[in-house]
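Here is what each chain is made of, one letter per residue.
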Amino acid sequence: MALTVVGSIAFDSVRTPFGERERMLGGSAVHFALAASFFTDVCVVGPVGDDFGEEHLAVLSERGIATDDIEHVAGGKTFFWRGHYDHDMNVAHTDDTQLNVFADFQPKLSPESCGSQMLFLGNIQPELQRDVRRQSAASFAALDSMNLWIDTARDSLVAAIGEVECVLLNDAELRMLTEQPNLVHAARATMELGPEVIVAKRGEYGAALFTGEGMFAIPGLLIEDVRDPTGAGDSFAGGFLGYLDAVRIAGEHGERALRQAMAYGSVMASFNVEDFGTERVASLTEGEIAERLSEFKRLTHFEEAPIVR
Ligand code: AMP
């Protein structure tokens, strides 16, 4: 398998100004895997409970995602998250988090998952992320997290960050983690913890990339119908790492590939927000992705011109 992801596999109840849905399939690993599956082979690691049915598993397997490392915990309940968004859809308000089967989860990666060259540690308890990182032989591991873990498990999170090559966090989370109000300083301070690549996700405003070689920033695609931003960050990560894994297999590395991966991340996130839950991304076509990438290039392209006066 090429790209392994561990993270929450969840049921999400979400309210936005555009509607409300109960117990949709969600979770960081699910949103990530669906987006990445357009680029490379993906394997999902994580536990689910008795309430997780064949129809939920099918959403993943229909996209060719390997589900053998999804562990069914008899008598347990699947992770549950309830949240809402007010007018600023960049800010998710958490109303309830029930770890359920994640509370006692001890990850056991199959030889196939351990052998992946790329690993994504989706948003989940940092000690679980560290456990998975220790088992994996990946040469490139990336990590996401959230304010809850910065608040409640800061030391573990800092240790986990020290064990990965790449960090993807919201700009506000980078500032909170490093206590640096300036994003450039916050990214550099995060790099000092270990990783060589930092991606600052900036919601509808796009994303910024920081490496040893410098910085790169792209805007968000301007989407007219944003209905539910839940999972946009994970879809971004899926497009970003999925593309990187595909070009790594083709022997392409470095800054150029990272910038292209930023564009694919933005494209996948832009589809995610158009509908509730996983619906839009799960039913996408490669043609739609290619078309939106071209649209994004037109949106961001300009020619350098001298001042004429
Ligand atoms: P995002 O891409 O940041 O919008 O992530 C959304 C997903 O994160 C939702 O599908 C939730 O199920 C999941 N989630 C929310 N809170 C947590 C948490 N504390 N740990 C793990 N996953 C979470």
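Scope of this entry: the structure provided in the associated data block. (Residues numbered from 1 in each chain as written. Predicted model: local features only at pLDDT ≥ 70, side-chain atom pairs only at ≥ 80, totals over all residues. Heavy atoms only, no water.)

Okay, the overall build of the chain next. The number of helices and strands found in the chain is 12 helices and 13 strands. Computed over its C-alpha atoms, the radius of gyration of the chain comes to 18 Å, within 12% of the 19 Å expected for a compact globule of 309 residues. Oriented by its inertia axes, the alpha-carbon framework of the chain measures out at about 75 × 40 × 40 Å. For the chain, the residues scored as buried account for 56% of the 309 residues in total. A fraction of 64% describes how many contacts in the chain between residues 6 or more apart in sequence connect residues 24 or more apart. A total accessible area of about 13,900 Å² is found for the chain, and carbon and sulfur atoms account for 49% of it. (Helix = DSSP H or I, 4+ residues; strand = E, 2+ residues; numbered from the N terminus. Rg over C-alpha atoms; globule rule 2.2 N^0.38 Å. Buried < 20%, exposed > 50% of the residue type's maximum accessible area, 1.4 Å probe, protein only. Contact = heavy atoms within 4.5 Å. Areas by Shrake-Rupley, 256 points an atom, 1.4 Å probe, with all protein chains shown as cover.)

This next bit is on the nonpolar core. Buried together is how nonpolar side chains tend to be arranged in soluble globular proteins. Core analysis: the biggest nonpolar cluster contains 59 residues, and L168, F240, L241, L244, M262 and M268 have the highest contact counts within it. Broken down by element, this core gets its largest block of residues, 10 residues, from helix α10 (residues 254–272). In this structure, L241 is in contact with L3, F32, M118, F120, F140 and A142, ignoring residues within four places of it in sequence. Formed by 38 residues, the second largest nonpolar core is a distinct cluster that contains W81, A138, L143 and I198. (Core = buried A, V, L, I, M, F, W, Y, C linked by side-chain atoms within 4.5 Å.)

Turning our attention to the pairing of strand β3 (residues 19–26). Examined bridge by bridge, strand β2 (residues 10–16) and β3 share 6 bridges and lie antiparallel to one another. Residue pairing across strands places V14 opposite R21, the latter belonging to β3. A loop of 2 residues connects β2 with β3, the two strands running antiparallel in sequence. (Pairing = 2+ DSSP bridges.)

When helix α2 (residues 54–61) is considered as a whole, its buried residues turn out to be H56, L57 and L60. Down the axis of α2, the buried side of the element spans an arc of 95°, and every buried residue falls inside it. Exposed and facing more than 90 degrees away from the buried side of α2 are E54 and E55. The inward-facing, buried residues of α2 abut β2, β3, α1 (28–36) and β5 (70–72). (Arc of directions from axis to C-beta.)

What follows covers the sheet that holds β3. Strand order in the open sheet made by the 4 strands is β3-β2-β6-β7, with mixed pairing throughout. Two strands close off the open sheet at either side, each with one partner strand: β3 and β7 (93–98). With strand direction ignored, the average angle separating the axes of adjacent strands in the sheet is 15°. Across 5 bridges, the pairing between strand β6 (residues 79–84) and β7 is antiparallel. If you follow F80 over to β7, its bridge partner there is Q98. (Axes fitted to C-alpha atoms, helices over the stretch in contact; angles between N-to-C directions.)

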